[in-house]
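Descriptive analysis of the structure
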Amino acid sequence: LAEVVGQDKVIGDIRGIIDTQGLLGQKFYLIGKTGVGKTSTARILADTVQPYFDRSEIDAKDMSRGLIRDWEEKLESCPIGCIGRAYVCNEAHNLSHDITERLLTFLEKPLFVKHGFIVFTTSEKCLFGNPFADRVDEFQFAADEAVTLAFALRCREIAQTEHLDGQPLEAYVNLVRNNHHSMRKCLRVIGRGEFKA
């Protein structure tokens, strides 16, 4: 979590929950523009509960009732070396009404509260708001000027490490703005050698 760039408020709030309540039974809903760190944060948190090779991560459009049944069955046991079961659902705004209703039931199961952890990520708010609003902790990822500078500094640091630097800080600031605060896109531009002041 210390390596998540430019999201100090969100990470501080999440750490507060972890320190006081732990992750088991928690349900997080991360909202923000593409590339600002939502999915990375979700994976970091999920890895704390259950390592990546065994956790469940899916795009919302691929979610099914059968998958949710499978999740429920797996809550009966905990993988060796894990503290519980971790689930990541990306692009949650694509969840159908039927699947959302089924997930609402899943999140209230005693076994989920005891052994489960789930993170929803979304790059846009649902038309009717967050359908899980009364059951999740919602976190809005920033994309303001403080984030712009933090992203620019990290991009420059990575470029210097990879010997792909040579630009002033302002060029990195413009790179971040031009790529709509998507760290992923900025690093692609740098890595391809397309970064020009």
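Before any of the text, the structure's been laid out above.
The following paragraphs examine the structure supplied in this document. All values reported here derive from a predicted model rather than from experimental measurement. (Residues numbered from 1 in each chain as written. Predicted model: local features only at pLDDT ≥ 70, side-chain atom pairs only at ≥ 80, totals over all residues. Heavy atoms only, no water.)

**With respect to helix 7 (residues 169-178)**
- Among all positions of helix 7, only Ala-171, Tyr-172, Val-173, Leu-175 and Val-176 are buried.
- Against helix 6 (145-161) and helix 8 (183-191) lie the buried residues of helix 7.
- Positioned one or two residues after helix 7, His-180 has a phi angle of 55°, which is positive. (Buried < 20%, exposed > 50% of the residue type's maximum accessible area, 1.4 Å probe, protein only. Helix = DSSP H or I, 4+ residues; strand = E, 2+ residues; numbered from the N terminus. Contact = heavy atoms within 4.5 Å.)

**Some details on the packing of helix 6 against helix 8**
- Where helix 6 meets helix 8, the axes come as close as 11 Å, and the angle between the chain directions of the two elements is 30°. With respect to each other, helix 6 and helix 8 are oriented roughly parallel. As helix 6 packs across helix 8, the resulting crossing turns out to be right-handed. Here Phe-151, Arg-154, Cys-155, Ile-158 and Ala-159 of helix 6 lie close against helix 8, whose contacting residues are Met-183, Cys-186, Leu-187 and Ile-190.
- Considered class by class, the residues forming the contact of helix 6 with helix 8 number eight nonpolar, no polar and one charged. (Axes fitted to C-alpha atoms, helices over the stretch in contact; angles between N-to-C directions. Parallel < 35°, antiparallel > 145°, perpendicular 65-115°, else oblique. Left-handed = near helix turned anticlockwise from the far one by under 90°. Nonpolar A, V, L, I, M, F, W, Y, C, P; charged D, E, K, R; others polar.)

**Digging into the layout of surface pockets**
- Size it by volume and the largest pocket reaches roughly 470 Å³.
- Taken together, 23 residues line the largest pocket, and the ones lying closest to its centre are Gly-35, Val-36, Gly-37, Lys-38 and Ser-40.
- Of all the elements in the fold, those that place two or more residues in the lining of the largest pocket are helix 2 (38-49), helix 6 and helix 8.
- Tallying contributions element by element places helix 2 first for the lining of the largest pocket, with six residues. (1 Å grid on protein atoms, 1.4 Å probe; cavity = no way out; pocket = protein on both sides within 12 Å on 5 of 7 lines; lining within 4 Å. Points joined across faces, edges and corners; volume = space filled by probe spheres on them.)

**Comments concerning the nonpolar core**
- Core analysis: the largest hydrophobic core is formed by 33 residues, its most contacted members being Phe-28, Phe-117, Phe-139 and Tyr-172.
- Only helix 1 (8-21), strand 1 (27-31), helix 2, strand 3 (85-90), strand 4 (116-122), helix 6, helix 7 and helix 8 provide two or more residues apiece to this core.
- Among residues more than four places away in sequence, those in contact with Phe-139 are Val-10, Asp-13, Ile-14, Ile-17, Phe-28, Tyr-29, Leu-30 and Ile-31.
- One finds Ile-31, Ala-60, Trp-71 and Val-136 within the second-largest nonpolar core, a separate group that totals 22 residues. (Core = buried A, V, L, I, M, F, W, Y, C linked by side-chain atoms within 4.5 Å.)

**Focus on unusual backbone geometry**
- The residue Glu-91 is not glycine, and still its phi comes out positive at about 55°.
- The residue Glu-91 is located in the loop between strand 3 and helix 4 (97-107) in this model.
- Given the relative accessible area of 28%, Glu-91 is considered partly exposed.
- The phi torsion at His-180 lies on the positive side, around 55°, for a residue other than glycine.
- Position of His-180 among the secondary structure elements: in the loop between helix 7 and helix 8.

**Focus: the packing of helix 7 against helix 8**
- The N-to-C vectors of helix 7 and helix 8 enclose an angle of 125°; their axes lie 8 Å apart at closest approach. As far as their axial angle goes, helix 8 and helix 7 are oblique. Helix 8 is crossed by helix 7, and the crossing has right-handed handedness. Between helix 7 and helix 8, the residues in contact are Tyr-172, Leu-175 and Val-176 and Cys-186, Val-189 and Ile-190, respectively.
- Looking at the contact of helix 7 with helix 8, its residues break down into six nonpolar, no polar and no charged.

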